[in-house]
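Results of the structural survey
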Amino acid sequence: MMIYLLLGFAIIFEVIGSSLMRLSEGFKKIAPTIAMFLFYALSFYLLSRSLSHFSIGFAYAVWAGIGTALTVLVGVAVFKEYFTFQKFCGMICVIAGVVFLNATGTGV
């Protein structure tokens, strides 16, 4: 169960890092830039720790897929970006891709 928490926090930290990238305004603002690098480092560290239990394909697909979907939702909720039908379809495709990639294996 703890290994799933590691992967979950890796995803959350990646989403925070992506949000901070937007706030850094092209690395012009120093505080969000430093925080972004910190959260990405934490995310990659936790992702690498989860690889002791999960296959790289499973862990990366889940990390990237859920991270992408959550980042879209953060963009809509926090940055007031539009949630279009195309974004919805893209999120469904990403999630379906994660499911299909892992349908043949157990992920470990």
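Here's a quick rundown of the structure. (Residues numbered from 1 in each chain as written. Predicted model: local features only at pLDDT ≥ 70, side-chain atom pairs only at ≥ 80, totals over all residues. Heavy atoms only, no water.)

**Regarding the overall build of the protein chain**
Here is the rule we go by: Runs of H or I in DSSP of at least four residues are treated as helices and runs of E of at least two as strands, each being numbered from the N terminus. We call a residue buried when its accessible area falls under 20% of the maximum for its residue type, exposed when it is over 50%, and partly exposed in between, using a 1.4 Å probe and counting protein chains only. The contact criterion used is simple: two residues touch if any of their non-hydrogen atoms lie within 4.5 Å. Note on areas: these come from Shrake-Rupley sampling with a 1.4 Å probe, and a residue is covered only by the protein chains present in the view.
Looking only at helices and strands, the protein chain has four helices and zero strands in total. Overall size of the protein chain, expressed as C-alpha extent along the three principal axes, is 45 × 35 × 20 Å. Out of the 108 residues in the protein chain, the part that is buried amounts to 32%. When contacts within the protein chain are restricted to residue pairs at least 6 apart in sequence, long-range pairs at least 24 apart make up 64% of them. When the accessible surface of the protein chain is totalled, it reaches about 6900 Å², and 77% of it is carbon and sulfur.

**Here we look at the packing of helix α1 (residues 2–23) against helix α3 (residues 56–77)**
Selection rule: Comment: axis = line fitted to C-alpha atoms, over the contacting stretch for helices; angle = value between 0 and 180 degrees taken between N-to-C directions. By definition in this entry, angles of less than 35 degrees are roughly parallel, angles greater than 145 are roughly antiparallel, angles of 65 to 115 are roughly perpendicular, and the rest are oblique. By convention the crossing between two helices is left-handed if the near helix lies anticlockwise of the far one by an angle smaller than a right angle, and right-handed if it lies clockwise. Each residue is assigned to one class: nonpolar for Ala, Val, Leu, Ile, Met, Phe, Trp, Tyr, Cys and Pro, charged for Asp, Glu, Lys and Arg, and polar for all the others, Gly among them.
At a minimum axis distance of 9 Å, the contact between α1 and α3 shows a crossing angle of 45°. Classed by the angle they form, the pair α1 and α3 counts as oblique. Pair α1 / α3 crosses with right-handed handedness. Contacts from Leu7, Ala10, Ile11, Glu14, Val15, Ser18 and Ser19 of α1 reach α3 at Phe58, Ala59, Val62, Trp63, Ile66, Gly67, Leu70, Thr71 and Val74. Here the contact of α1 with α3 is composed, by residue class, of 11 nonpolar, four polar and one charged.

**Some points on the pattern of salt bridges**
Spelled out, the test is: For this document, the term salt bridge refers to a Lys or Arg side-chain nitrogen within 4 Å of an Asp or Glu carboxyl oxygen.
All chains considered together, the criterion is met by three salt bridges. A salt bridge links Lys29 to Glu25; the nearest nitrogen and oxygen atoms lie 3.3 Å apart. Taking relative accessible area as the criterion, Lys29 reaches 40% and is therefore assigned partly exposed. Classification of Glu25 by relative accessible area gives partly exposed; the value is 44%.

**Focus on the nonpolar core**
Nonpolar side chains in soluble globular proteins generally cluster together in the buried interior. Stated precisely, the cut-off is as follows: Throughout, nonpolar core names a set of buried Ala, Val, Leu, Ile, Met, Phe, Trp, Tyr and Cys residues whose side chains join them through atoms within 4.5 Å.
Leu7, Leu47, Phe54, Val62 and Trp63 are the most contacted members of the largest nonpolar core, which has 15 residues in total. Per-element accounting of this core gives the leading share, six residues, to α1. Non-local contacts of Leu7, meaning those with residues more than four positions away in its chain, are made with Leu47, Ser50, Phe54, Phe58, Ala59, Val62 and Trp63.

**Some words on the side chain of Ser43**
As for its position among the elements, Ser43 is in helix α2 (residues 30–50). Classification of Ser43 by relative accessible area gives buried; the value is 0%. Apart from residues lying up to four places away in sequence, Ser43 is in contact with Ala10, Phe13, Glu14 and Trp63.

**Examining the environment of Ile30**
Examined against the element boundaries, Ile30 turns out to sit in helix α2. Judged by its relative accessible area of 60%, Ile30 falls in the exposed class. Taking the C-alpha atoms as reference, Ile30 lies 24 Å from Val76; in sequence the two are 46 residues apart.

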